Amino acid sequence: MRFDSAGMQVLSREQCLFLLAHSAIGRVVFTDQALPAVQPVTFCLDGANIVMRTTAGSRLAVGTRDNVVAFEADDFDVALSAGWSVSAVGHARAAADPEEITRLGRLPLKIWTPGVSGHFIVMTTDRISGRRIPVPAL
């Protein structure tokens, strides 16, 4: 087990993907009109890829189309002063193949936003890193 200079556990790629697979909400970072934008999203993993769903003309769909984006998810327990954070950087693309869209539609991706259609954004996890703040010893 590795720790960084601040005493946080450095997570492996496998640990990062495991934590993402058990999360439902994250934040995607993209460019919107030449400025950085952050948007919370529901997501799920498809292998090592992050899958999000939106409407085709949304700000998210336009800003992520064939671009490098960042993604972050975390979970913290304030009472225990413990938690984790995972960040990823990769290429995002709109799913276009009808067979892929059908397959992605069967993923356990919860949708909270009304009016969301079958536009899927698929993001690779080319670079992924994470840290865990361990539960302090009593």
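Residues numbered from 1 in each chain as written. Predicted model: local features only at pLDDT ≥ 70, side-chain atom pairs only at ≥ 80, totals over all residues. Heavy atoms only, no water.

(A) Just the nonpolar core, in detail. If you look at the biggest cluster of nonpolar residues, it comprises 24 residues, and the most contacted ones within it are Leu20, Val28, Ile50, Met52, Phe71 and Val86. Residues in contact with Leu20, not counting those within four places in the same chain, are Phe43, Leu45, Ile50, Phe71, Ala73, Val86 and Ile128. (Core = buried A, V, L, I, M, F, W, Y, C linked by side-chain atoms within 4.5 Å. Buried < 20%, exposed > 50% of the residue type's maximum accessible area, 1.4 Å probe, protein only. Contact = heavy atoms within 4.5 Å.)

(B) Representation of the environment of Arg106 within the structure. The topology assignment puts Arg106 in the loop between helix H3 (98–105) and strand S9 (119–123). On the accessibility criterion, Arg106 (63% relative accessible area) is exposed. Each C-alpha atom, one on Arg106 and one on Gly83, is 30 Å from the other, the two residues being 23 residues apart in sequence. (Helix = DSSP H or I, 4+ residues; strand = E, 2+ residues; numbered from the N terminus.)

(C) Fine view of the pattern of salt bridges. For the coordinates displayed, the defined rule picks out 6 salt bridges. Between Glu100 and Arg93 there is a salt bridge, and its shortest N-O distance comes to 2.6 Å. Residue Arg93 is classed as partly exposed on the basis of its relative accessible area of 33%. Salt bridges sharing partners connect three or more residues here, namely Arg27, Glu72 and Asp74. (Salt bridge = Lys/Arg side-chain N within 4 Å of Asp/Glu carboxyl O.)

(D) Broad picture of the side chain of Asp46. Here Asp46 shows up in strand S5 (residues 44–46). Judged by its relative accessible area of 19%, Asp46 falls in the buried class. Not counting residues up to four positions away in its chain, the partners in contact with Asp46 are Val51, Arg103, Leu104 and Leu107.

(E) Up close: helix H1 (residues 13–21). Every buried residue of H1 is listed here: Cys16, Leu17, Leu19 and Leu20. The arc that holds the buried residues of H1, viewed along the axis, is 160°, so those residues lie on one side. Residues Glu14 and Phe18 are exposed on H1 and point more than 90 degrees away from its buried face. Its buried side turned inward, H1 meets strand S2 (9–11), S5, strand S6 (49–54), strand S7 (67–77), strand S8 (82–94) and strand S10 (127–133). (Arc of directions from axis to C-beta.)

(F) Structural view of the pairing of S6. By the bridge criterion, 3 bridges tie S5 to S6 in an arrangement that is antiparallel. Of the residues in S6, the one forming a bridge with Leu45 is Ile50. Count of turn residues in the S5/S6 antiparallel hairpin: 2 residues, of which Gly47 carries a positive phi of about 70°. (Pairing = 2+ DSSP bridges.)

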